[in-house]
Amino acid sequence: MKKYFKIILLLLLTNQGFSQIDEIRVNLLRAKNQTIEINKEHKLSVLIYPELPRTGEYIVLDKKNRIIHTESYQDVDYVLINFKQICPRAPNGKYTLKFKTTYDYENYDNNEEEIIFLKLK
């Protein structure tokens, strides 16, 4: 019995040593206007609903406010951003992530924008 317990314990510890964080999850409601430090190898998963509507676009800007990447989304609760794929040669540093939506109701036009600051390393 002790032998099996040791083997199970060894397998659990080995599995934890080799597992890596692939995705960092962030809630837009809590993370807006804050700086998030992230490795370029990881994906950023941002929960946008209920803070913003499920349709809009996100823009990745560098520190000189140049657009690095922009993408639209429709009918989603969260947005998954893979920095390794969208900007593989982007240098380490500070970036801005803007989420923009436009309400298009009868007699009511409203643009909404939320910002998250990123520090890629």
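Conventions used here
Residues numbered from 1 in each chain as written. Predicted model: local features only at pLDDT ≥ 70, side-chain atom pairs only at ≥ 80, totals over all residues. Heavy atoms only, no water. Salt bridge = Lys/Arg side-chain N within 4 Å of Asp/Glu carboxyl O. Helix = DSSP H or I, 4+ residues; strand = E, 2+ residues; numbered from the N terminus. Buried < 20%, exposed > 50% of the residue type's maximum accessible area, 1.4 Å probe, protein only. Phe/Tyr/Trp six-rings, centres within 6.5 Å; stacked < 30°, edge-to-face > 60°.

**Q** Explain the pattern of salt bridges here, please?
**A** Once the charged atoms of two side chains with opposite charge are near each other, the side chains can pair. For the structure on display, the rule yields 7 salt bridges. The salt bridge partner of K84 is E41, with a shortest N-O separation of 3.3 Å. One end of the pair, K84, is in helix α3 (residues 83–86); the other, E41, is in the loop between β2 (35–38) and β3 (43–47), with 43 residues separating them in the sequence. Note that E113 is salt-bridged to K98, the shortest N-O span being 3.8 Å. Within this pair, whereas E113 is found in strand β8 (residues 108–120), its partner K98 is found in strand β7 (residues 93–105), the two being separated by 15 residues in sequence. When its relative accessible area of 38% is taken as the criterion, E113 is described as partly exposed. Among the residues examined, K98 registers a relative accessible area of 22% and is labelled partly exposed.

**Q** Can you help me understand the packing of aromatic side chains in this one?
**A** Within a pair of aromatic rings, the relevant descriptors are the distance that separates the centres and the angle that separates the planes. This model, assessed by the stated rule, comprises 1 aromatic pair. On the basis of an interplanar angle of 45° and a centroid distance of 6.2 Å, the ring pair of Y58 and F99 is categorised as tilted. Residue Y58 is found in strand β4 (residues 56–61), and its partner F99 is found in strand β7; the two are separated by 41 residues along the sequence. Residue Y58 is classed as buried on the basis of its relative accessible area, which comes to 2%.

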